[in-house]
Amino acid sequence: MKKISSNKVFGGEHAQYTHWSEANNCEMTFAVFLPPQMDDLSELKKVPSLYWLSGLTCTDQNFMQKAGAFKRAAELGIAIIAPDTSPRGENVPDDENQAYDLGLGAGFYLNASEAPWREHYNMYDYIVKDLISDVDEHLNLSTSRAISGHSMGGHGALTIGLKHPELFGSISAFSPICNPTNSPWGKKAFSAYLGEQQDTWLQYDACHLLEHATEPQAILIEQGSADDFLDEQLRPESLMQVAQKSGHSVQLHLREGYDHSYFFISSFIEQHLEFHAKYL
Ligand SMILES: N[C@@H](CCC(=O)N[C@@H](CSC=O)C(=O)NCC(=O)O)C(=O)O
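As the structure is a prediction and not an experimental result, all values here were calculated from the model.

**Q** Explain the site of the ligand here, please?
**A** The environment of the ligand is formed by 13 residues, the closest being Leu56, Asn62, Lys66, Ser151 and Met152. Met152 is positioned with one of its backbone polar atoms (N or O) 3.0 Å from an oxygen atom of the ligand. Its free accessible area being 530 Å², the ligand has 70% of it covered by the protein chains. Of the residues belonging to the shell around the ligand, the class tally is six nonpolar, six polar and one charged.

See below:
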């Protein structure tokens, strides 16, 4: 793992690293925020972390530069880990039309089974195996973790969090794609990456995973009412219906007038950090 940038911020550090990913078969970049409490080297006081998964078109930097999370994360003593949203590099295929919602910047946090994607587009294993293992080995954080994300990354946070309660103690999401098997973004990506076998798609659909979840998990969703993607792509009402039927508790905050952008995320990120701090 190699550090490629470092900035002091709110008494802590923002840094970028590159490392090899076995899952994605390429070099990956990720960013971290390490709070000032990291300077206390006591093993008993290792700091917990929030994994943030970004949305379509993002890199490791969108959240770090736009969300305004560092001040509160520094106060709460929470590290933030922000991976890239897809594999990248010379040998990594992109969509032939370079569409923003498939290929580079659009990994959808799944393991692809179809050519030409399967050699590199394995963001699910990348997060759950390669990233966590390198962060744990090199960054001296505690193993207490939370997961959050935005839009495609909200889908990633919900699905990975629901599948791995042993890795993530709480889940939150901003404007998540809640039911990708019924959304144009999800259908396009899942057809390409996973083929037409729809049973496999369900393994990456938060509604299906919540319906079959056996452990209760703390879940918070933030959604803007003026989000252009709300009705067609995001469908939080489907997740709330499943939550109600299956007896799982999901908090949904519907925020009047907010859109899909990082202006929305920066308005409520502190509340999400405070939510996760209760479980970390
Ligand atoms: N019109 C945009 C569409 C892409 C977009 O809105 N990306 C969002 C995530 S959407 C779902 O995953 C985003 O986070 N963009 C980056 C940002 O910093 O705002 C386009 O074509 O770019």
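**Q** Got a minute to help me understand helix α10 (residues 262-277) in this structure?
**A** Every α-helical turn comprises 3.6 residues, leaving residues that sit three or four positions apart pointing alike. Between its first and last C-alpha atoms α10 spans 22 Å; for 16 residues at 1.5 Å apiece the expected length is 22 Å, and the two agree. Of all the bends found along α10, the most pronounced is centred on Phe268 and spans about 45 degrees. Every buried residue of α10 is listed here: Tyr262, Phe264, Ile265, Phe268, Ile269, His272, Leu273, Phe275 and His276. Its side-chain oxygen at 3.1 Å from the backbone nitrogen of Phe263, Ser261 defines the N-terminal cap of α10.

**Q** Just checking my understanding: could you explain the state of the cysteines for this structure?
**A** Here, the word disulfide means a covalent bond between the sulfur atoms of two cysteines. Per the stated rule, a full pass over the model turns up zero disulfides. The cysteine Cys26 is free of any disulfide, with Cys58 supplying the nearest cysteine sulfur at 18 Å. Under the relative-accessibility criterion, Cys26 is labelled buried at 6%. Cysteine Cys58 is unpaired, with the sulfur of Cys178 as its nearest cysteine sulfur at 17 Å. A relative accessible area of 5% means that Cys58 is categorised as buried.

**Q** Looking at this structure, I do not really get the UniProt feature "active site" (unreviewed entry) in the protein. What am I missing?
**A** Feature annotation in UniProt places "active site" (unreviewed entry) on Ser151, Asp227 and His260, given in this structure's numbering. These residues run over 110 residues, yet every pair of their C-alpha atoms falls within 10.8 Å of each other. Relative to the helices and strands, Ser151 resides in the loop between β6 (145-149) and α4 (152-163). We classify Ser151 as buried; its relative accessible area is 3%. In this view, Ser151 contacts Phe174, Ser175, Pro176, Ile177, Trp185, Leu234 and His260; residues no more than four positions away in its chain are not counted. If you trace the backbone, Asp227 turns up in the loop between β8 (218-224) and α8 (230-234).

**Q** How do you make sense of the confidence of the model for the protein when you look at a structure like this?
**A** The predicted coordinates should not be examined in detail at positions where pLDDT is low. Overall, the prediction assigns the protein a mean pLDDT of 96, with 99% of residues at 70 or greater. Both confidence scores are given for the complex: pTM 0.97, ipTM 0.93.

The rules behind each value
- Numbers given for residues are sequential positions, taken from 1 along each chain in its written order.
- Only residues with pLDDT of at least 70 are given local features in this predicted model, and only at 80 or more are side-chain atom pairs given and counted; all residues enter the totals for whole chains, interfaces and linings.
- Just so you know, side-chain values use all the structure's heavy atoms and leave hydrogens and water out.
- The nearness test applies per residue and asks whether one of its heavy atoms lies within 4 Å of the molecule or strand.
- Contacts described as polar in this section are N or O atom pairs within 3.5 Å, which, within protein, must combine one atom able to donate a hydrogen with one able to accept it, while residues neighboring in sequence count only if both atoms come from side chains.
- All accessible areas in this document rest on Shrake-Rupley with a 1.4 Å probe, and a residue is counted as covered only by the protein chains that are shown.
- Three classes are used, and their members are as follows: Ala, Val, Leu, Ile, Met, Phe, Trp, Tyr, Cys and Pro are nonpolar, Asp, Glu, Lys and Arg are charged, and the others, Gly among them, are polar.
- Helix numbers and strand numbers start at the N terminus; a helix is a DSSP run of H or I with at least 4 residues, a strand a run of E with at least 2.
- A helix is expected to span 1.5 Å multiplied by its residue count minus one.
- A residue's bend is given by the angle between axes fitted to the 7 residues ending at it and the 7 residues starting at it.
- Burial classes: relative accessible area under 20% of the type maximum marks a residue as buried, over 50% as exposed, and values in between as partly exposed (1.4 Å probe, protein chains only).
- In plain terms, two cysteine sulfur atoms within 2.5 Å form what is called a disulfide here.
- UniProt positions are given in the numbering used here, feature names are shortened, and annotations may be inferred rather than shown by experiment.
- A contact between two residues is defined here by any heavy atoms of the two lying within 4.5 Å.
- A residue's pLDDT is the confidence the predictor assigns to it, expressed on a 0 to 100 scale.

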